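Here are the chains, one letter per residue:
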Amino acid sequence: MSALSNYSLKPFYDDMIARLKGAGVNMPDLDARFIIEERTPYDWSDIIARPDSSVTQTQHDEIIADINARIAGKPLSRIYGCREFWGLAFLISEDTLDPRPDSELIIDVALKHFPDRDRPLEILDLGTGSGCLLISLLSEFKNARGWGVDLSSGAVKCAKENAHKNHVAVRAQFSCGSWLNGINKKFDLIVSNPPYISNQVIPTLSKEVRNHDPILALDGGDDGLDPYKELFPQLKNVLNPDGIALFEIGYDQEKDVMRLAEDAGFAQRTVHFDLAGNPRVVDISGGDK
Ligand code: GLN
């Protein structure tokens with residue numbers, strides 16, 4: 001991208017939108033606003049109320065670099081290394097999935113299931129990534145304690161930092177390992193957003209996802225169901241009899257995941273739908289079929 005010629009805030013902002021839009025970026029006005037707010041002292045109200053404010057040369061150059069990266073397919077969350085989830089700020093890294101708003105449904109379901117926020121729940125997060133699920137839950141349940149596991153040591157490092165940043169570190173522990181290996185206690189609430197994309201589908205994902213989310217956090221094997229197949233049969237070893245486990249699923253996996261839960265002997269199985277109307281979370285509990 002060539003340098004934008006205008007250094008006044010509103011025309012500069014309009015030029016940014018035009019460039020992003022011309023390159024086919026999805027919501028160019030939102031992206032332009034986010035970039036302005038990240039790189040300059042101005043916010044949305046300044047663009048409207050103080051359109052002639054000037055952008056410095058450094059801010060201008062940084063913004064041009066960001067726009068070039070965005071046009072090349074890098075999500076803004078990857079450019080700035082952070083993402084908001086459940087109203088909290090999370091650092092993300094090349095080792096973590098970029099948290100999606102859809103995954104907030106897990107937090108919603110957990111809050112409805114355990115209306116008493118003071119309950120001293122024991123929470124396990126399998127494949128914690130940035131830690132967004134566990135840390136959001138600990139921020140809601142002030143007496144709860146949590147354990148986050150991830151196969152990637154880089155993800156564990158990132159999740160630990162996020163626990164500090166969001167003031168729940170004293171109630172959180174993280175370990176690097178494969179699923180339930182080394183987990184030696186029982187939990188009231190188990191959550192997981194496992195990798196559930198079929199490895200044949202991965203090459204067809206958008207470049208934002210394919211080139212920037214870690215493959216380890218996406219690849220669920222040939223049919224995308226590997227994590228559920230491995231975890232469900234072992235889950236009762238770590239779930240309290242009156243506990244509940246919440247798993248994120250792909251939009252077309254409801255039937256398969258429900259069947260796997262039934263095969264593993266879970267009596268209660270419920271599917272929860274996201275705002276787009278897709279099945280997104282399966283909750284499983286209960287000892288007998
Ligand atoms: N929801 C992510 C996507 O569709 C996938 C995350 C996952 O595999 N857990 O890109």
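Residues numbered from 1 in each chain as written. Predicted model: local features only at pLDDT ≥ 70, side-chain atom pairs only at ≥ 80, totals over all residues. Heavy atoms only, no water.

## Describing the overall build of the chain
Here is step 1: A tally of regular secondary structure across the chain gives eleven helices and nine strands.
Here is step 2: Computed over its C-alpha atoms, the radius of gyration of the chain comes to 21 Å, within 12% of the 19 Å expected for a compact globule of 289 residues.
Here is step 3: By the burial criterion, 51% of the 289 residues in the chain qualify as buried.
Here is step 4: Considering only contacts in the chain between residues 6 or more positions apart, those separated by 24 or more positions represent 65%.
Here is step 5: Looking at the chain as shown, the accessible area adds up to about 13500 Å², and 49% of this sits on carbon and sulfur atoms.
Here is step 6: Counting 31 positive and 44 negative side-chain charges, the chain places the centres of these two groups 1 Å from one another. (Helix = DSSP H or I, 4+ residues; strand = E, 2+ residues; numbered from the N terminus. Rg over C-alpha atoms; globule rule 2.2 N^0.38 Å. Buried < 20%, exposed > 50% of the residue type's maximum accessible area, 1.4 Å probe, protein only. Contact = heavy atoms within 4.5 Å. Areas by Shrake-Rupley, 256 points an atom, 1.4 Å probe, with all protein chains shown as cover. Lys, Arg positive; Asp, Glu negative; His and termini not counted. Charge placed at Lys NZ, Arg CZ, Asp CG, Glu CD.)

## Focus on the side chain of Ser-77
Here is step 1: You can see Ser-77 is positioned in helix H5 (residues 76–80).
Here is step 2: Looking at Ser-77, its side chain comes within polar contact range of the side chain of Asp-98, at 2.4 Å.
Here is step 3: Not counting residues up to four positions away in its chain, the partners in contact with Ser-77 are Cys-82, Arg-83, Ile-92 and Asp-98. (Polar contact = N/O pair within 3.5 Å; in protein donor to acceptor, adjacent residues only side chain to side chain.)

## A look at helix H11 (residues 254–263)
Here is step 1: Of all the positions in H11, only Val-257, Met-258, Leu-260 and Ala-261 are classed as buried. Mapping the buried residues of H11 onto a view down its axis gives an arc of 160 degrees, with all of them on the same face.
Here is step 2: As for H11, its buried residues are in contact with helix H10 (226–231), strand E8 (268–273) and strand E9 (279–285).
Here is step 3: Just downstream of H11, Gly-265 is the residue with a positive phi angle, here 90 degrees. (Arc of directions from axis to C-beta.)

## Section: the site of the ligand
Here is step 1: Close to the ligand lie Leu-97, Arg-100, Asn-193, Pro-194, Pro-195, Tyr-196, Ile-197, Val-209, Ala-217, Leu-218 and Glu-248, which account for all nearby residues.
Here is step 2: The side chain of Arg-100 places a nitrogen or oxygen atom 2.9 Å from an oxygen atom of the ligand.
Here is step 3: A distance of 2.7 Å separates a nitrogen atom of the ligand from a polar atom in the side chain of Asn-193.
Here is step 4: For the ligand, whose accessible area on its own is 300 Å², the fraction buried by protein is 86%.
Here is step 5: Within the shell around the ligand, the residues separate by chemical class into eight nonpolar, one polar and two charged. (Near = heavy atom within 4 Å. Nonpolar A, V, L, I, M, F, W, Y, C, P; charged D, E, K, R; others polar.)

## Describing the packing of aromatic side chains
Here is step 1: Under the definition given, this model contains eight aromatic pairs.
Here is step 2: Taking the centre distance of 6.5 Å and the plane angle of 90 degrees together, the rings of Phe-114 and Phe-141 count as edge-to-face. On the criterion of sequence distance, the pair formed by Phe-114 in the loop between helix H6 (104–113) and strand E3 (122–126) and Phe-141 in the loop between helix H7 (132–140) and strand E4 (145–150) is long-range, its members being 27 residues apart.
Here is step 3: A relative accessible area of 3% means that Phe-114 is categorised as buried.
Here is step 4: Judged by relative accessible area, Phe-141 falls into the buried class, the value being 0%.
Here is step 5: Put simply, the rings of Tyr-228, Phe-232 and Phe-247 touch in pairs and so form one group of aromatic residues.
Here is step 6: When the ring centre of Phe-266 is taken as origin, the NZ or CZ atom of Lys-236, which lies over that ring, is 4.7 Å away. (Phe/Tyr/Trp six-rings, centres within 6.5 Å; stacked < 30°, edge-to-face > 60°. Lys NZ or Arg CZ within 6 Å of the ring centre and 35° of its normal.)

## As for a negative patch on the surface
Here is step 1: A surface patch of like charges, here negative, comprises Asp-219, Asp-222, Asp-226 and Glu-230.
Here is step 2: Position of Glu-230 relative to the elements: it lies in helix H10.
Here is step 3: For Glu-230, a relative accessible area of 41% translates into the label partly exposed. (Patch = residues over 30% accessible without salt bridge, like charges linked within 9 Å, V, L, I, M, F, W, Y side chains within 5 Å. Salt bridge = Lys/Arg side-chain N within 4 Å of Asp/Glu carboxyl O.)

## Side note on the environment of Gly-22
Here is step 1: Tracing the backbone shows Gly-22 in helix H1 (residues 9–22).
Here is step 2: Distance in space between the C-alpha atoms of Gly-22 and Ile-71 is 9.4 Å, their sequence separation being 49 residues.

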